[in-house]
Amino acid sequence: VIEMTNFGPIAGASVDNSNANGNVQLFAGESDIVTTQGQLVAAGAPYVGGQVLGRVAATGLFAKHNPTATDGSEKAIAILGYDVPVVTAGKYEGIYTGGVFNIEALTFHADTDTALEKAAVFDGTNIVAQRLYGNPAANSGPV
């Protein structure tokens, strides 16, 4: 039996980019959204919606992206679709593997701390992380 949690809204972010329902605006542009399922590594702290994920090569399990790792999780390839406070072994969770996402709604590794680094972790994937339209960065050109 394969268990899978339903997709839900991303809860919380460091910047208030919320809609009228109080949910963080996850998508930041027009693009096909690609969703799939994956199993998470059941170690460490809980996973939050919007967590940037990599895949551990030896097991095929998704883990929190860690740019200093050497097990496969150093390559960001997915985003978790909702909070997973307790990982259940063998349970499939909803993840995004393509789309244009609000960079402020995503949870990155602590070493990924600039907008340029955050956007660059998805190079070579179908994921784009950017600021919301209408929220240009300081010193940027016309929007």
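Residues numbered from 1 in each chain as written. Predicted model: local features only at pLDDT ≥ 70, side-chain atom pairs only at ≥ 80, totals over all residues. Heavy atoms only, no water.

Attention now moves to the overall build of the protein. Looking only at helices and strands, one finds one helix and six strands in the protein. Reading the secondary structure of the protein in the N-to-C direction produces β-β-β-β-β-α-β. Scored against the burial criterion, the 143 residues of the protein give a buried share of 34%. A separation threshold of at least 6 residues defines the contact pool for the protein, and within that pool the share at least 24 residues apart is 63%. Counting only carbon and sulfur atoms, one obtains 51% of the accessible surface of the protein, whose full area is about 7,800 Å². (Helix = DSSP H or I, 4+ residues; strand = E, 2+ residues; numbered from the N terminus. Buried < 20%, exposed > 50% of the residue type's maximum accessible area, 1.4 Å probe, protein only. Contact = heavy atoms within 4.5 Å. Areas by Shrake-Rupley, 256 points an atom, 1.4 Å probe, with all protein chains shown as cover.)

Now for the pairing of strand 5 (residues 92-102). Side-chain positions along a regular strand alternate between the two faces of the sheet. By the criterion of burial, strand 5 is predominantly enclosed, with nine of the eleven residues buried. Judged from the six bridges that link them, strand 1 (residues 34-39) and strand 5 form a sheet pairing that is antiparallel. Of the residues in strand 5, the one forming a bridge with Gln37 is Gly94. Pairing analysis gives two bridges linking strand 4 (residues 78-80) to strand 5, with the strands arranged antiparallel. Bridge pairing in strand 5 places Ile79 opposite Tyr96. The sheet contact formed by strand 5 and strand 6 (residues 126-130) spans five bridges and is parallel. Across the sheet, the residue bridging to Gly98 is Asn126, located in strand 6. The β-α-β motif built from strand 5, the intervening helix 1 (residues 115-120) and the parallel element strand 6 has right-handed crossover chirality. (Pairing = 2+ DSSP bridges. Right-handed = clockwise from strand over helix to strand, strands pointing away.)

Our next topic: the environment of Ala45. Following the sequence through the fold, Ala45 ends up in the loop between strand 1 and strand 2 (52-55). Residue Ala45 is classed as partly exposed on the basis of its relative accessible area of 46%. Residues Ala45 and Val86 lie 41 residues apart in sequence; the distance between their C-alpha atoms is 8.6 Å.

We now examine the nonpolar core. In terms of nonpolar packing, the biggest core is built from 14 residues, with Leu26, Val52, Ile79, Phe101, Leu106, Phe108 and Phe122 touching the most fellow members. At the level of secondary structure, the elements contributing two or more residues to this core comprise strand 5 and strand 6. Setting aside residues no more than four positions away along its own chain, Val52 makes contact with Ala63, Lys64, His65, Ala76, Ala78, Leu106, Thr107, Phe108 and Phe122. If you look at the next biggest cluster of nonpolar residues, it comprises eleven residues, including Leu53, Val56, Phe62 and Ala63. (Core = buried A, V, L, I, M, F, W, Y, C linked by side-chain atoms within 4.5 Å.)

In the predicted model, the protein carries a mean pLDDT of 82, and 76% of its residues have values of at least 70. Across residues 9-21, where pLDDT falls below 50, the model places 26 contacts with residues more than four positions away in sequence or in other chains. (pLDDT = per-residue confidence, 0-100.)

It is worth spelling out the packing of aromatic side chains at this point. Enumeration according to the criterion identifies two aromatic pairs in this entry. Above the ring of Tyr47, the side-chain terminus of Lys64 is found at 5.2 Å from the ring centroid. (Phe/Tyr/Trp six-rings, centres within 6.5 Å; stacked < 30°, edge-to-face > 60°. Lys NZ or Arg CZ within 6 Å of the ring centre and 35° of its normal.)

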